[in-house]
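# Geometric and topological summary
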Amino acid sequence: MNSKLFKKLLSSYSPSGDEENITEVIKEEIKGYVDEIKVDNLGNLICHKKGTGKKVMIAAHMDQIGLMITDIEKEGFLRFTNIGGISPLISLGQKVIFKNGTIGVLYAEEKRARKIKLDDMYIDIGVSSKEDAEKLISIGDSCVYHSEYIEDDTRVVSGGIDDRVGCYIAIEAIKKLSTNKNDIYFTFTVQEELGLRGAKTSSYSINPDIGISLDVTGSGDTPGATRFAVSLGKGAAIKAKDNSIVVNPKVKNFMVEVAKENSIPYQIEVLEYGGTDSGAIHLSREGVLTGAISVPTRYIHSPNETAFKEDIISCIKLLVSILEKDIDI
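None of the values given here were measured: they were computed from a predicted structure. (Residues numbered from 1 in each chain as written. Predicted model: local features only at pLDDT ≥ 70, side-chain atom pairs only at ≥ 80, totals over all residues. Heavy atoms only, no water.)

### Digging into the side chain of Asp63
Topologically, Asp63 is positioned in the loop between strand E3 (55-61) and strand E4 (66-72). For the buried Asp63, no salt bridge is present, and the opposite-charge side chain at shortest range is Arg164, 7.4 Å distant. Among the polar contacts listed, one links the side chain of Asp63 to the side chain of Ser16, at a separation of 2.5 Å. Within the structure, the side chain of Asp63 is placed 2.9 Å from the backbone nitrogen of Glu193, a separation counted as a polar contact. Setting aside anything within four residues of it in sequence, one finds Asp63 in contact with Ser14, Pro15, Ser16, Glu19, Asp162, Asp163, Arg164, Thr189, Val190, Gln191, Glu192 and Glu193. (Helix = DSSP H or I, 4+ residues; strand = E, 2+ residues; numbered from the N terminus. Buried < 20%, exposed > 50% of the residue type's maximum accessible area, 1.4 Å probe, protein only. Lys, Arg positive; Asp, Glu negative; His and termini not counted. Salt bridge = Lys/Arg side-chain N within 4 Å of Asp/Glu carboxyl O. Polar contact = N/O pair within 3.5 Å; in protein donor to acceptor, adjacent residues only side chain to side chain. Contact = heavy atoms within 4.5 Å.)

### Considering the UniProt feature "binding site: Zn(2+) 2" (unreviewed entry) in the chain
The positions that UniProt labels "binding site: Zn(2+) 2" (unreviewed entry) are, in the present scheme, Asp162, Glu193 and His301. Over a stretch of 140 residues, the named residues converge on one spot in the fold, their C-alpha atoms separated by at most 10.3 Å. The residue Glu193 is located in the loop between strand E12 (183-189) and helix H6 (197-206) in this model. Here Glu193 is in contact with Ser16, His61, Asp63, Gln64, Ile65, Gly84, Asp162 and His301, once residues within four sequence places are set aside. With respect to the helices and strands, His301 occurs in the loop between strand E16 (289-298) and strand E17 (305-308). (UniProt positions renumbered as here; feature names shortened; annotations may be inferred.)

### Structural notes on the pattern of salt bridges
Tallied over the full model, the rule gives 12 salt bridges. Taken together, the shared-partner salt bridges connect Lys239, Asp242 and Glu269 into one network.

### Notes on the UniProt feature "binding site: Zn(2+) 1" (unreviewed entry) in the chain
Listed under "binding site: Zn(2+) 1" (unreviewed entry) in the UniProt record, and renumbered for this structure, are His61, Asp162 and Asp215. Spanning 155 residues, the named residues form one tight spatial group whose C-alpha atoms are at most 8.3 Å apart. For His61, the location among the structural elements is in strand E3. When near neighbours in sequence (up to four residues on either side) are disregarded, His61 contacts Asp162, Asp163, Cys167, Thr189, Glu192, Glu193, Asp215 and Asp277. Within the structure, His61 has its side chain in polar contact with the side chain of Glu192 (distance 3.1 Å). Not counting residues up to four positions away in its chain, the partners in contact with Asp215 are His61, Asp162, Asp163, Glu192, Thr276, Ile293, Ser294 and Val295.

### Considering the domain arrangement of the chain
Splitting the chain by domain gives domain 1 (3-64 + 159-324) and domain 2 (66-145). Here the C-alpha centroids of domain 1 and domain 2 sit 31 Å apart. Both faces combined, the contact of domain 1 with domain 2 buries some 1,000 Å², and carbon together with sulfur accounts for 63% of it. On the domain 1 side of the contact with domain 2, Tyr13, His301 and Pro303 bury the most area, a combined 50% of that side's loss. Counting every contact that joins domain 1 to domain 2 gives 1 salt bridge. Of the charged contacts in the structure, one is a salt bridge between Lys99 and Asp18, with a shortest N-O distance of 3.1 Å. On the surface where domain 1 and domain 2 come into contact, there are 3 residue pairs in polar contact (both at pLDDT 80 or more). A class-by-class count of the residues in the side of domain 1 that touches domain 2 yields 4 nonpolar, 5 polar and 3 charged. (Domains from an automatic or database assignment. Buried area = accessible area lost by both parts, 1.4 Å probe. Nonpolar A, V, L, I, M, F, W, Y, C, P; charged D, E, K, R; others polar.)

### Observations concerning unusual backbone geometry
That bond from Asp162 to Asp163 is cis: its omega, 5°, falls within 30 degrees of zero. As for its placement among the helices and strands, Asp163 is situated in helix H5 (residues 161-176). If you check the backbone angles, Arg285 has positive phi at about 50° while not being a glycine. Located in the positive-phi region is His301, a residue other than glycine, with phi close to 65°. With a relative accessible area of 18%, His301 lands in the buried category.

### Here we look at helix H2 (residues 20-30)
In an α-helix, one turn spans 3.6 residues; hence positions three or four apart end up facing the same way. Residues of H2 that are buried include every one of Ile22, Thr23, Val25, Ile26, Glu29 and Ile30, and no others. The buried residues of H2 occupy an angular sector of 165° when the element is viewed end-on, so they sit on one face. Contact partners of the buried residues in H2: helix H1 (3-10), strand E1 (36-39), strand E2 (45-49), H5 and E12. Looking at the residues trailing H2, positive phi occurs at Gly32, about 95°. (Arc of directions from axis to C-beta.)

### So, the packing of H1 against H5
At a minimum axis separation of 9 Å, H1 and H5 run at an interaxial angle of 140°. What the angle tells us is that H1 and H5 run oblique. As H1 runs across H5, the sense of the crossing is right-handed. Along the contact surface, H1 presents Leu5, Phe6, Leu9 and Leu10, while H5 presents Ile161, Arg164, Val165, Cys167, Tyr168, Ile171, Glu172 and Lys175. The class makeup of the residues in the contact of H1 with H5 is 9 nonpolar, no polar and 3 charged. (Axes fitted to C-alpha atoms, helices over the stretch in contact; angles between N-to-C directions. Parallel < 35°, antiparallel > 145°, perpendicular 65-115°, else oblique. Left-handed = near helix turned anticlockwise from the far one by under 90°.)

### Details of the pairing of E12
For E12, the tally of buried residues reaches 7 of 7 residues, placing the bulk of the element in the interior. Residue alternation in E12 divides its side chains into two sets, Asp183, Tyr185, Thr187 and Thr189 and Ile184, Phe186 and Phe188, and both sets are buried. Here E2 pairs with E12 via 5 bridges, running antiparallel. From the neighbouring strand, Lys49 faces E12, where its bridge partner is Ile184. Here E3 pairs with E12 via 7 bridges, running parallel. (Pairing = 2+ DSSP bridges.)

Right, here's the structure in full:
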């Protein structure tokens, strides 16, 4: 596993709506491996690897959840709103970082902690007045969880694995493709955390025959977890359903056949919450055959998302094996 690249992707500041940093990192990493690179009006990074077969759209979202400043109090404390799915319980006591490097602490008074809401919380950036705060931060500035990248023999722990891991898988697949029978559009989308916005516009523009999204999924292998037959360490998750899509059996079965043919560990994902870019792609124009490859992940939307390296590698192998086939679903 290319740990240096993965860490670089995870450390790139890019909340939903401000994906410029991660866009530049990905462009630099894949130049020379694709035939065309463009950024569309919404900010999606679309990388075309030309072929004569089916038009295939691979989608991984570049954005991450975050916070946006709505007000600055006279004492210098910052009030905010969420950008995507932010949990008050998870956020209490965490550090955040702004684009300019300013670091703050998310907190609320302990008497409110039992029934805490985001409205009860503030960001402390270590100043004592509104005037001092305004020298560093403006209304409308965004921040994300400030987390540490940790890697051992088995796992990676970091904020932003949702969905920098999908971007990592796509980049590695681009580099590993030995044959290219299909006409492939590797699409790094924006604003997924705000409602699959980038996938909606880019899929309309590309008009693919087949779509595949790359993202994280939850796991059912922790104490007290909701019953869910996906575990870390058991391979790539091939999606059957989530709240945004019921995958056409032809697509799901094709992915399973490819996994079996290549002895790639896999598991079937039936997710009862959430969604991915596949939800927007399959509804584009007159409809698109769409599936998803997911990385089983613990503690999603926290500063300590956790994934197993062997599952990430299985996802890369599965994607490459799919794209090297003459897809005819």
